[in-house]
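Architecture at a glance
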Amino acid sequence: MWNPFAVEIAGRGQVHPAHGMEPAELLNGFAQQGNVRCDGVLRLSPKGGIDIMSARPLPMQLDLTTQRLLLRPLRAGDADMLWPDITDPEISRLMAWDAHTTKEQTAAFVENEVARRLSGNGVTWAILMDGRFCGIVSLIGIQRTHRVLTYDKAELAYWVGRSHQRLGIMTEAGRAVLAFAFGQVGLHKVYVSHFAGNEASCSLIRGLGFRYVGTQLDEFQKDGVWHDHVMYELLDREHAAIAEEATTP
Ligand SMILES: CC(C)(COP(=O)(O)OP(=O)(O)OC[C@H]1O[C@@H](n2cnc3c(N)ncnc32)[C@H](O)[C@@H]1OP(=O)(O)O)[C@@H](O)C(=O)NCCC(=O)NCCS
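Residues numbered from 1 in each chain as written. Predicted model: local features only at pLDDT ≥ 70, side-chain atom pairs only at ≥ 80, totals over all residues. Heavy atoms only, no water.

1. Focus: the pairing of strand E8 (residues 132-146)
Across a regular strand the side chains alternate sides, sitting on one face of the sheet and then on the other. Basically, it comes down to this: For every residue, the accessible area obtained with a 1.4 Å probe (protein chains only) is divided by the maximum for its type, and the residue is called buried under 20%, exposed over 50%, and partly exposed between those limits. Where helices and strands are cited, they refer to DSSP runs of H or I of at least four residues and of E of at least two residues respectively, numbered from the N terminus. The rule for pairing is simple: two strands pair if DSSP sees at least two bridges between them.
Burial runs high along E8: eleven of the 15 residues are buried. Alignment of strand E7 (residues 123-129) against E8, held across seven bridges, turns out to be antiparallel. In the sheet register, Ala126 faces E8, and the bridge partner there is Ile136. Where E7 folds back onto E8 in an antiparallel hairpin, the turn is made up of two residues, including Asp130, whose phi is positive at roughly 50°. By the bridge criterion, nine bridges tie E8 to strand E9 (residues 149-160) in an arrangement that is antiparallel.

2. Observations regarding the sheet that holds strand E11 (residues 211-222)
This is how the line gets drawn: We call two residues contacting when some pair of their heavy atoms lies within 4.5 Å. The angle between two axes is taken between their N-to-C directions and runs from 0 to 180 degrees, where each axis is a line fitted to C-alpha atoms and a helix contributes only its stretch in contact.
An order of E5-E6-E7-E8-E9-E10-E12-E11 is seen for the eight strands of this open sheet, with the pairing classed as mixed. Both edges of this open sheet fall to strand E5 (64-65) and E11, since each of them pairs with a single strand only. Against the sheet, helix H6 (residues 199-207) touches E9, strand E10 (189-195), E11 and strand E12 (225-235), its axis set at about 160° to E10.

3. Thoughts on the site of the ligand
As a reminder of what qualifies: When we say a residue is near a molecule or strand, we mean one of its heavy atoms is within 4 Å of it. Definition of a polar contact: a pair of N or O atoms within 3.5 Å, with one able to donate and the other able to accept a hydrogen when the atoms are protein atoms, and with sequence-neighbouring residues admitted only if both atoms are side-chain atoms. Buried and open spaces are told apart on a 1 Å grid over the protein atoms alone, a cavity being a set of points where a 1.4 Å probe fits but cannot get out and a pocket being an open set with protein on both sides within 12 Å along at least five of seven lines. Residues with an atom within 4 Å of a point are the lining residues. If over half the atoms of a molecule are within 2 Å of the grid points of a cavity or pocket, the molecule is regarded as sitting in it.
Neighbouring the ligand are 19 residues, the closest being Val160, Arg166, Gly168, Thr171 and Asn198. Tyr158 is positioned with one of its backbone polar atoms (N or O) 3.1 Å from a nitrogen atom of the ligand. With respect to the ligand, the backbone of Arg166 contributes an N or O atom lying 2.7 Å from an oxygen atom. One can see that the ligand is located within the largest pocket. Those elements giving two or more residues to the shell around the ligand turn out to be E9, helix H5 (169-182), E10 and H6.

4. Considering the packing of aromatic side chains
Quick reminder of the rule: Whether two aromatic rings pair depends on their centres lying within 6.5 Å, for rings of Phe, Tyr and Trp, where Trp uses its six-membered ring; planes under 30 degrees apart make the pair stacked, over 60 edge-to-face, and the rest tilted. Charge-over-ring placement is defined geometrically: NZ (Lys) or CZ (Arg) within 6 Å of the ring centre, and within 35 degrees of the ring normal.
For the structure on display, the rule yields five aromatic pairs. Ring centres of Trp97 and Trp159 lie 6.2 Å apart, and the angle between their planes is 50°; on these two criteria the pair is classed as tilted. One end of the pair, Trp97, is in the loop between helix H3 (89-92) and helix H4 (103-119); the other, Trp159, is in strand E9, with 62 residues separating them in the sequence. Here Trp97 falls in the partly exposed class, since its relative accessible area comes to 21%. The interplanar angle of 55° and the centroid separation of 4.8 Å between the aromatic rings of Phe195 and Phe220 together place this pair among those described as tilted. With a gap of 25 residues between them, Phe195 in strand E10 and Phe220 in strand E11 connect regions that are remote in the sequence. The class for Phe195 is buried, based on a relative accessible area of 7%. Taken together, the ring pairs connect Trp97, Phe133 and Trp159 into an aromatic cluster. One cation-aromatic arrangement involves Lys103 over Trp83; the distance from NZ or CZ to the ring centre is 5.0 Å.

5. Focus on the nonpolar core
We apply this condition: Nonpolar cores are built from buried Ala, Val, Leu, Ile, Met, Phe, Trp, Tyr and Cys residues. Side-chain atoms within 4.5 Å join them into one set.
Grouped together as the largest cluster of nonpolar side chains are 38 residues, with contacts concentrated most on Leu71, Trp125, Val137 and Phe210. When contributions to this core are tallied by element, the ones reaching two or more residues are strand E6 (69-73), E7, E8, E9, H5, E10, H6 and E12. With nine residues, H5 is the largest single contributor of residues to this core. Ile86, Ala126, Leu128 and Ile136 belong to the second-largest nonpolar core, a separate cluster that totals twelve residues.

6. A short note on the side chain of Glu172
With respect to the helices and strands, Glu172 occurs in helix H5. When sequence neighbours within four positions are dropped, the list of residues in contact with Glu172 reads Thr66, Gln67, Arg68 and Leu69.

7. Some points on unusual backbone geometry
In this chain, Trp83 is followed by Pro84 through a cis amide linkage whose omega measures 0°. Of note, Pro84 is situated in the loop between helix H2 (79-82) and H3. One non-glycine residue with positive phi stands out, namely Asp152, at about 50°. Considering the arrangement of structural elements, one finds Asp152 in strand E9. Overall, Asp152 belongs to the buried group, its relative accessible area being 10%. The phi dihedral of Asp218 falls on the positive side, at around 45°, and the residue is not glycine.

The structure is reproduced here in structure tokens:
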């Protein structure tokens, strides 16, 4: 299925400066108009615009269901739903953001996530169980290509409100997002990482079947403290093997 925003620009767009293209050259790349982005095979047209020869936008159906959960993309007006969990410093402690202190911050976050989805660059879902908000899970930084290289990869990120932790919710949501990433989106690799010492995230990641890649020492600072950064990845074939093992009696 085609993302309607991508269809609107399938024909003309602007060449992103990072992809300096020669006229008549066929390249993997992306076209961007405002915050709308379209990945695919591009050709610079003689008049300076671009033709998108084939595009790979996000699927249109983005609601995911599991045994207990509904995952639906964040949408405008969700700021209230994210409170008070998003104000909890214990949730953000080992993450790249600080607990929100105003609704405006949360509204801006939601707006940013909606724009990200419309750009085809990623999706952030609200996780709902029996209609109650539990947390969020994201597939972000979808990268198809860079110059002549094909990547087809994206990053997994997540948090669950404290009252819903240790119930297997993120394991269930993570499995659904991985199936979506390797299935409908057709990714080759999903990667994920955590601050060293985040035992919950470490157990979750290993339980989802990710392969440990390595640890970067003192990769970033938060609140004046340097943190090691632990990285993992999962290939589509590794994911398929895990899925097959799970269904083998
Ligand atoms: C990481 C997080 C998303 C896990 O969500 P969750 O729904 O509680 O996870 P699950 O219930 O599916 O449990 C997954 C695994 O983590 C383990 N786990 C969960 N919370 C844990 C904790 N506080 N300490 C140690 N292990 C924990 C579970 O036992 C399970 O391991 P197992 O399969 O070996 O039994 C949640 O703890 C969280 O939101 N933390 C704060 C935000 C954060 O750190 N996000 C990740 C940034 S990389």
